[in-house]
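Structural characterization, general
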Amino acid sequence: MANGFRPVIDARQRQMAHPQVQAWWQALDCGFASVADVFEECVSEALGSFDKRRMDAYIEAARVIGKLGRGAEPLLAFLEEWPAVAAAASGDQEPLLPQVMGAIRVMQKSPNSKAITHFLQTLAAVARRLQSAEQVEIYIDIALNLMARTSGSVHGHHTTFPSPALPHFFDQAPRLLGLLSTAGLRNWTEYGIRNYDRHPERQADYFSLQSADSQAVLQRERHGTLFADVERKLELYLRALWRDSELLVPYSTAFDQLRKPVPYYDSQGMRVPDVLDDAAGISGLDRYRAVLAHMVGHRRWSQAQVADNWSPFQRMAVEFFEDCRIEILLMREYPGLRRIFLALHPRPQEGACDDETTSCLRHRLAMLSRALLDADHGYRDADLLDFVARFQRLLATGESSTAEVAALALAYVARTRRQSDQLAKVHFDDTVVDYRDDNRQLWKFIEEGDEEQAFDEERRLEAAEELRGLPPRRYPEWDDSSQTYRPDWVSVYEALHPSGDAARIDLLLARHAALASQLKRLLDLVKPQDKVRIRYQEEGSDLDLDVALTSLVDYRSGATPDPRINMSHRTDGRNIDVLLLLDLSESLNMKVGAGGTAGQTILELSQEAVALLAWAIDCLGDPCAIAGFHSNTRHDVRYHHIKGFSERWDETVKARLAAMEAGFSTRMGAALRHAGHYLDHRRADKKILLLLTDGEPADIDVAEPGHLRADARRAVEELASKGVTTFCLSLDPKADEYVRDIFGKNWRVLDRVERLPETLPSLYLQLTR
């Protein structure tokens, strides 16, 4: 690191208010100025998820990454993304952090060290898609297998050439996992490795989704309903129908060939498959609903039984009987579940297991389970029919209980026991009910004593509230070359703008008194004059005399009076919300050299124009917000709130406007998306995002001149789809070359910057007419 950066970093360290943050900064032992700029905000976000011990592990991992010799980019990616990764992976970083650091060490020791940055940049998006530490570990294993098998060597002993596929794989991973399960991802990568292992160029095309083969295999592997696509629906289903808000955690069904995982629940959440295919005429979404309903039933009605003195066969019988009791109770509450349960429950054939060399207990229990649910089962076994009748009598008068059902199950095992039930060869055909969980919650063992696992977390650091700023909000960025989004690519840090001297704004308004007088006359013409009465209000600004007299008569005659004796008023004709977004990049410090404004900077002219506009909007009564932005790489986009929608044009807002400063660059797309985020939640009939800028999108970490322009165009299209009109007023005389490409018809170029104070308010009146 150049010696010139050390005073800057030391100064930033002194600005870190909290002693613990300074201690973590010293432990990080970092010399990158770009990391120092965002370190405190990253720590603030991490403290929302980690306790002190996990924070120390987080900082230590960051220190190791910072010493890899790969520059600031991988360290910034880890600091910004890891809290989101840990939160997505069921909120626990401990089982995942060693896996991630191990993968980084493996890549660092190979020729693939450049891929570390790609790995960390997309890890949060991948974790949000996979939703569990186990799934992320599978993803890492797939990536390391790909790296090992596609890295080249000269003599076949030591790898000397990096994998041409690995960086592309990491870049495309969020998109791939949006379409595939982890099993599908493994199959897709296997195809690319097998068919292009000796063709590096074609490998790169395949793993960047550029080749026809890659797209074809991707379509072939797409099947079923991915948990990530229906997670929100399932959460609402649990809350609305079952009044349960348990965390849902997916697991992969593809990597355990000996025993396929089955659903279950524990203190960490309800575990469900990552993908479910349509089956027996039931959609994948309804199969998920059946799985969750069954587990909810156990959580509601089952009681754990002491199992120390019961054999495995007895426990299996109890589980079958209890599962049927739960499903009967579920179908009583929601009869529509009967169709789903009966379609998914196998129908074992009577007499299919009569071999004396095979254990048939599971087959008999599956038949009994079907008979308990389906009145048209068609079985003729006398013992089965007897226990079906006894089971029905048990539930005829109420819910029964797990203990009563367990006694019935033990009686069934005792009556139907055969010598062959002890054999190792078990008849499994048509006996697996795949929407049922593994029933681990049904059992408790006395020998466990008080050694059950405790899930209480340590107390988190209480000083988080002393840290300045908010955690970053991350937005995607459009990559026009690949026609895909780079997920979570840009970090936007928002804060309330510092205050200055409000008297400066009053002086600026006084300088334009003549223009303000002219605007006032225009405003009087535009401002809605018609007032509409809203009658029959319990609370209002005026008393409605007619209603009040009627209520008084009712009261004195003994009838119940109408309490809605007030009325209020509203202005009819305008329902508009406007957000004024100011480009605060370094170029605003340039001076204007014409007319009476000679010597003024563009920033000062902008302050005058915004002050006049804010005053005008306040006169009209339209809700308006004002914000400014600038950027210093994708890791550090700053969004400053100057005026909120609910704030009036007062001394507080004037003080923030007076303190405006210009610096850094213009990453326009991220700022537009963040501003649109606030407009999207407004309920106005017309929503306008008015951008004031003096140049095209640019940032110091982007070499391609058209990349940020394409991203800004995409952001404008996204806002338009949400009903937000974006209009650009550009102060760049050369803006005609690019502004039409970004904003379509919604733009104007102001050739004479000195006319900005009069142009901006008049433009607003035209847009909101």
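The preceding data block contains the structure.
Here the residue index of a chain counts from 1 through its sequence in written order. Restriction of local features to residues with pLDDT of at least 70 applies here, the model being predicted, together with a cutoff of 80 or more for giving and counting side-chain atom pairs; totals for whole chains, interfaces and linings are based on all residues. Note that the side-chain values use all heavy atoms of the structure and ignore hydrogens as well as water.

1. With respect to the sheet that holds strand β5 (residues 264-266)
Should DSSP find at least two bridges between two strands, the strands are taken to pair. Here a helix means four or more residues in a row that DSSP labels H or I, a strand means two or more in a row labelled E, and each is numbered from the N terminus. Judged by pairing direction, the sheet is mixed, and its three strands sit side by side in the order β4-β6-β5 without closing on themselves. Lying at the two open borders of the sheet, with one neighbouring strand each, are β4 (248-251) and β5. When the angles between neighbouring strand axes are averaged without regard to direction, this sheet yields 30°. Two elements, β5 and strand β6 (residues 269-273), share three bridges in a ladder whose sense is antiparallel. Residue pairing across strands places Y264 opposite R271, the latter belonging to β6. Packed onto the sheet, helix α13 (residues 227-242) meets β4 and β6 and runs at close to 145° relative to β4. A fitted line through C-alpha atoms serves as each axis, taken over the contacting stretch for helices, and the angle formed by two N-to-C directions is quoted from 0 to 180°. Residues count as neighbours in contact if any of their non-hydrogen atoms are within 4.5 Å of one another.

2. A closer look at the state of the cysteines
By definition, disulfides here are pairs of cysteine sulfur atoms that lie within 2.5 Å. The full count for this structure, using the stated rule, is one disulfide. A disulfide bridge connects C353 with C360, and the sulfur atoms are separated by 1.9 Å. Residues C353 and C360 are joined through a disulfide that is left-handed, its torsion about the S-S bond being -80°. Look at C353 and you get buried, because its relative accessible area is 6%. Buried means the residue's accessible area, taken with a 1.4 Å probe over protein chains only, is under 20% of the maximum for its type, while exposed means over 50%, and partly exposed covers the values in between. When its relative accessible area of 1% is taken as the criterion, C360 is described as buried.

3. Section: the nonpolar core
The nonpolar side chains of a soluble globular protein tend to be buried with one another. Residues L28, Y58, W82, F119, Y139, F169 and W188 are the most contacted members of the largest nonpolar core, which totals 77 residues. In contact with L28, not counting residues within four places along its chain, are V35, F39, I59, A62, R63, L75 and L79. Core analysis: the next-biggest nonpolar cluster, separate from the first, contains 63 residues, Y237, Y265, I282 and M367 among them. Remark: nonpolar core denotes a set of buried residues (Ala, Val, Leu, Ile, Met, Phe, Trp, Tyr, Cys) joined through side-chain atoms within 4.5 Å.

4. Observations concerning empty space enclosed by the protein
Vacant regions in the atomic arrangement are exposed by a probe of water-molecule size rolled over the atoms. The distinction between a cavity and a pocket rests on a 1 Å grid over the protein atoms alone: a 1.4 Å probe fits inside a cavity but cannot get out, while a pocket stays open yet meets protein on both sides within 12 Å along at least five of seven lines, and a residue with an atom within 4 Å of a point counts as lining. Grid points are joined across faces, edges and corners, and a volume is the space filled by probe spheres set on the points. Inspection of the entire model under this criterion finds four cavities of 30 Å³ or more. Considered as a void within the structure, the largest cavity measures approximately 100 Å³ in volume. Around the largest cavity sit R129, L130, Q135, L177, L180, S181, T182, L226, F227, A228, P250 and D274, which together line it. Under the scheme applied here, ten amino acids are nonpolar (Ala, Val, Leu, Ile, Met, Phe, Trp, Tyr, Cys and Pro), four are charged (Asp, Glu, Lys and Arg), and all others, including Gly, are polar. Grouping the amino acids of the lining of the largest cavity by side-chain chemistry returns seven nonpolar, three polar and two charged. Quantified by volume, the second largest cavity comes out at close to 50 Å³. Lining the second largest cavity, in full, are L582, D583, L584, L588, S606, L692, T693, D694 and L731. Mapped onto the lining of the second largest cavity, the elements with two or more residues apiece are β15 (576-583) and β18 (686-693). Considered class by class, the residues forming the lining of the second largest cavity number five nonpolar, two polar and two charged.

Distances and angles like these do not, on their own, reveal function.
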